[in-house]
Amino acid sequence: MDLRILTSAKSPGISGGLTYGSERDIKAGSIVTVPLRNNSLEGIVLGIGEANAKFKVKAIENELYPEPLLSPEHMKTMEWMSSYYCCSLRQALRPFLPGKPWAALLPQGKVYYRLLDSSECKGSKQQLVIDSLTGKDKVSWDRLRSETGATKATINVLLKRNVIEEIVSKEYSAIEHTLPSLTRPTLSAHQSEAYKQISNSTIPSLLFGVTGSGKTEVYMQLIADAIENGKQAIVLVPEIFLTEHSIPRYTGMMDEKYIAILHSRLTPAQKRETWKKIRFGDIKLIIGSRSALFAPAHDLGLVIIDEEHEWTYKNEQSPRYHAREVAEELCRNFGAKLVLGTATPSLEAWYKAKTGKHTLTVLSERYGNAVMPTVKVVDLGNVHFGNNYPFSKTLFDAIEDRIQKKEQVVLFLNRRGMATSLMCLDCKRRVMSPESNLPFTVHKTPSNQFYLQDHTSGATARIPDECPGCQSARLQSVGAGTQGIEAILKKKFPSARILRADSDTLTNPEEMRSLLSKMENGEADILLGTQSVVKGLDLPKVTLAAVLIADVGMSLPHFRAGERTFQLLTQLTGRSGRKVLGEVIVQTFRPDCPEVKFSALHRTTKYLDYELTTREQMSYPPYSSMLRLILRNTDQKHRAEKTTEVIRVKFPTLKVGCSPTFFGGGTNWHILVRGDNPQQILSTIDLTDIVVDIDPLDCV
Ligand SMILES: [Zn+2]
């Protein structure tokens, strides 16, 4: 038979595999060695076909392990990824296997010797070995060598004469595969109903439950079911920081030795060890960030994606996959159950639930009768800021009050607060681009001239003298960064100890943890930051949380800006935690915008339905598919514009636009294509040095 094999050594032009022959029956997913040029390389068997008589192919050298390293279900998922995300098989394989050499993923054999018959002995060296083995069941080679100084030659002689026998035990074959004894949590009536509905569902489930409604207990029951059926379960959490946070809940359920933690910050050796334990050992539950989805769970029965709406589930490097989409394919191949849990469903998941592709399960009651915090909305349109933009007097007073009482404050600014749009202070509308129906962004030319740019279509416009909606002249650029805000706070509250958490001050999850422990130990009064500070809200001394400009994210020229803003606001206002947060202040220029209004009232489904309608009218995802071509080399303007023109002419039904990327410093460009099957364009354009991003999350 002919085998298509992907070798571990990277070689340009063969990222789809090479063909070799084999006399033996070898399964896809197996690990082999093959000759290439003058080397012997390891490789993974991608597929098997009939031998083609026309071409004589080289034969493989060895099969390194009798069972495939990757299951047929994993292989099928990998091929799907390569085709769906338009990447090579080599790129698609990468998340499935830890670093090379792949042979290091195989169980290592341990050699033992046992005495059979001591009468045939000659010489003192042989006698030493026999003495050492006498009266024992078996002795390992390592021990025998160190005790007797015996060489392999001596051993071989004894083996040949049947004086001793050799026993090779595989690292994991000695394990008596057992099932953990499981402690199941007690469920409330609501939880029990949700659990039954998900159990009985034959399609993926969306478990929609506010924070504190008890989703975890439902997860635990489902995990227990999977394990009792002899299957493995994977739980994905959006951030590594949360992986460790969630472990104690699950170790309370079963012995730790059945649980594996898998995330991208493990060392290569740790990753390899964990991988082997999952593939060959006794692991039943795998917890981790998005990469844990690719754990070699051969008996996968359940995948849970907690906080499914989080953007960290999208991989922003090739393969540019979304864990939610890959999980759906993986579960389909395994016949496994998929559960998406969230308090603020993504529009994609909500759409699938609405159209019957997912089962919708709602957990509405709060566990243990926790209460919602009071939400105060401050209309920034009526505030005279002086030099203190964007602080209102209401917010200053509330902060002052907490500092007096020695309580703590968390101040929150949307991730990209610097995205500046032009807003009318009278009608509260933003100056919009007619091309994309998204807000224009304010930019400055090198000669300090302000102008507007549409980052979706690439259109530009001059700054208008008056509001296009109501003709008011009161147009203001709105946007703010954490640094400027920190400076204002320092001036206003000189005695307050302020911590800042944003992409400038945080480079890894440990730093966030250190900021939070400073807050916990009372070493700081105010925590100011971007979305990561939401995690600070579970701290007991935090009694005030405030969003500085709730609608600032809405200035971002992005069709997901509203959804993102709503998710962040809901995390703040819908938070009960185990302690009552007290007060939430939401400052906004548009107190009536649906994101602010619905989140303050805790009306999530109302918002989702509203946003779905908007997407449908504008034919944005999930009502269309989208792809993004990223051109990263210097000065791509000409190529981007030319390519866009080609697509427009050839595919008139698709919507296509190009612009410099928002954070690309003017040299990086991207092309956004949306409509029905935008992938059809890919075969008609030259993709050299172009990054293809299917279903992009970030499209600014
Ligand atoms: Zn106006």
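Rules behind the numbers
Residues numbered from 1 in each chain as written. Predicted model: local features only at pLDDT ≥ 70, side-chain atom pairs only at ≥ 80, totals over all residues. Domains from an automatic or database assignment. Helix = DSSP H or I, 4+ residues; strand = E, 2+ residues; numbered from the N terminus. Expected span 1.5 Å × (residues − 1). Buried ≥ 20, exposed ≤ 12 C-beta atoms within 10 Å, placed from the backbone. Arc of directions from axis to C-beta. Contact = placed C-beta atoms within 7 Å. Pairing = 2+ DSSP bridges. Axes fitted to C-alpha atoms, helices over the stretch in contact; angles between N-to-C directions. Core = buried A, V, L, I, M, F, W, Y, C linked by C-beta atoms within 7 Å. Right-handed = clockwise from strand over helix to strand, strands pointing away. Parallel < 35°, antiparallel > 145°, perpendicular 65-115°, else oblique. Left-handed = near helix turned anticlockwise from the far one by under 90°. Nonpolar A, V, L, I, M, F, W, Y, C, P; charged D, E, K, R; others polar.

Caption draft 1: Local environment of the domain arrangement of the protein. Here the protein is described as being made up of domain 1 (2–105), domain 2 (109–170), domain 3 (189–369), domain 4 (374–419 + 480–615), domain 5 (420–478) and domain 6 (625–694). A straight line from the C-alpha centre of domain 1 to that of domain 6 covers 33 Å.

Caption draft 2: Just helix α12 (residues 393–404), in detail. For α12, built from 12 residues, the straight-helix expectation of 16 Å at 1.5 Å per residue is met to within 8% by its first-to-last C-alpha distance of 16 Å. Along α12, the positions that sit buried rather than exposed are Leu395, Ala398, Ile399 and Arg402. Here the buried residues of α12 occupy an arc of 100° about the axis, which is enough to place them on one side. In α12, the exposed residues that point more than 90 degrees away from the buried face are Lys393, Asp397 and Gln404. In this structure, the buried side of α12 is in contact with β16 (374–379), β17 (408–412), β25 (542–547) and β26 (583–588). Once α12 ends, the next one or two residues include Lys406, with phi positive near 60°.

Caption draft 3: Examining the sheet that holds strand β21 (residues 460–462) more closely. As summarised here, the arrangement of the 3 strands in space is β19-β20-β21, forming an open sheet in which the pairing is antiparallel. The outermost strands of the open sheet, each flanked by one partner alone, are β19 (441–444) and β21. With direction set aside, neighbouring strand axes in the sheet form an average angle of 40°. The sheet contact formed by β19 and strand β20 (residues 450–453) spans 4 bridges and is antiparallel. Bridge pairing in β20 places Lys444 opposite Phe450.

Caption draft 4: How the structure looks around the sheet that holds β16. Strand order in the open sheet made by the 6 strands is β16-β26-β25-β17-β24-β23, with parallel pairing throughout. Single-partner strands in this sheet number two, and they are β16 and β23 (498–501). Put simply, the sheet's adjacent strands are angled 15° from each other on average, direction ignored. With 5 bridges connecting them, β17 and β25 associate as parallel partners.

Caption draft 5: Summary view of the pairing of strand β1 (residues 2–7). Note that β1 and strand β4 (residues 39–49) share 6 bridges and pair antiparallel. What sits directly across from Ile5, in β4, is Val45. Relative to strand β2 (residues 18–21), β1 runs antiparallel, the two sharing 4 bridges. Residue pairing across strands places Ile5 opposite Leu18, the latter belonging to β2.

Caption draft 6: A look at the nonpolar core. Counting residues in hydrophobic clusters, the biggest one holds 153 residues, and the most contacted among them are Ile223, Ile234, Ile286, Leu293, Val303, Phe412 and Val586. Looking at which element gives the most residues to this core, the answer is helix α7 (residues 215–228), with 8 residues. Once residues within four sequence positions are removed from consideration, Val303 is found in contact with Ile234, Leu293, Ala327, Leu330, Cys331, Ala336 and Leu338. Leu115, Leu133, Leu158 and Ile164 belong to the second-largest nonpolar core, a separate cluster that totals 9 residues.

Caption draft 7: Region of the structure containing the pairing of strand β12 (residues 285–288). Burial along β12 is two-sided: the face carrying Leu285 and Ile287 and the face carrying Ile286 and Gly288 are both buried. In the sheet, strand β10 (residues 232–236) pairs with β12 via 4 bridges, with the strands oriented parallel. By the bridge assignment, Val235 is partnered in β12 with Ile287. Pairing of strand β11 (residues 259–262) with β12, which is carried by 4 bridges, proceeds in the parallel orientation. Residue pairing in the sheet places Leu262 in a bridge with Gly288 of β12. Crossover handedness for the path β11 to helix α9 (residues 268–280) to β12: right-handed.

Caption draft 8: Just unusual backbone geometry, in detail. With an omega of -5°, the peptide bond between Ser318 and Pro319 qualifies as cis. Topologically, Pro319 is positioned in the loop between β13 (300–306) and α10 (323–334). Following Pro621, the chain continues into Pro622 via a peptide bond in cis, with omega recorded as 10°. Examined against the element boundaries, Pro622 turns out to sit in the loop between α17 (604–618) and β27 (625–631).

Caption draft 9: Spotlight on the packing of helix α6 (residues 189–200) against α7. In the contact formed by α6 and α7, the axes pass within 9 Å of each other and the chain directions differ by 40°. Classified by the angle between their axes, α6 and α7 sit oblique to one another. The interaxial crossing formed by α6 with α7 has right-handed handedness. Residues Gln191, Ala194, Tyr195, Ile198 and Ser199 of α6 touch α7, and the partners they reach there are Glu217, Val218, Gln221, Leu222 and Asp225. Looking at the contact of α6 with α7 residue by residue, the class counts come to 5 nonpolar, 3 polar and 2 charged.

Caption draft 10: Seen up close, the environment of Glu348. Secondary-structure assignment places Glu348 in helix α11 (residues 347–354). Given 19 C-beta atoms within 10 Å, Glu348 falls into the partly exposed group. For Glu348 and Arg603, which are 255 residues apart along the polypeptide, the C-alpha to C-alpha distance reads 18 Å.

Caption draft 11: Summary view of the environment of Glu79. Here Glu79 lies in helix α1 (residues 72–84). As a C-alpha pair, Glu79 and Pro494 span 415 residues in sequence and 59 Å in three-dimensional space.

Caption draft 12: Here's a closer look at the packing of helix α3 (residues 124–133) against helix α4 (residues 141–148). Running from amino to carboxyl end, α3 crosses α4 at an angle of 125°, the nearest separation of the two axes being 10 Å. When the axes of α3 and α4 are compared, the pair comes out oblique. The handedness of the crossing between α3 and α4 comes out as right-handed. From α3, Leu128, Val129 and Ser132 reach across to α4, where they touch Leu144, Glu147 and Thr148. Here the contact of α3 with α4 is built from residues that sort into 3 nonpolar, 2 polar and 1 charged.

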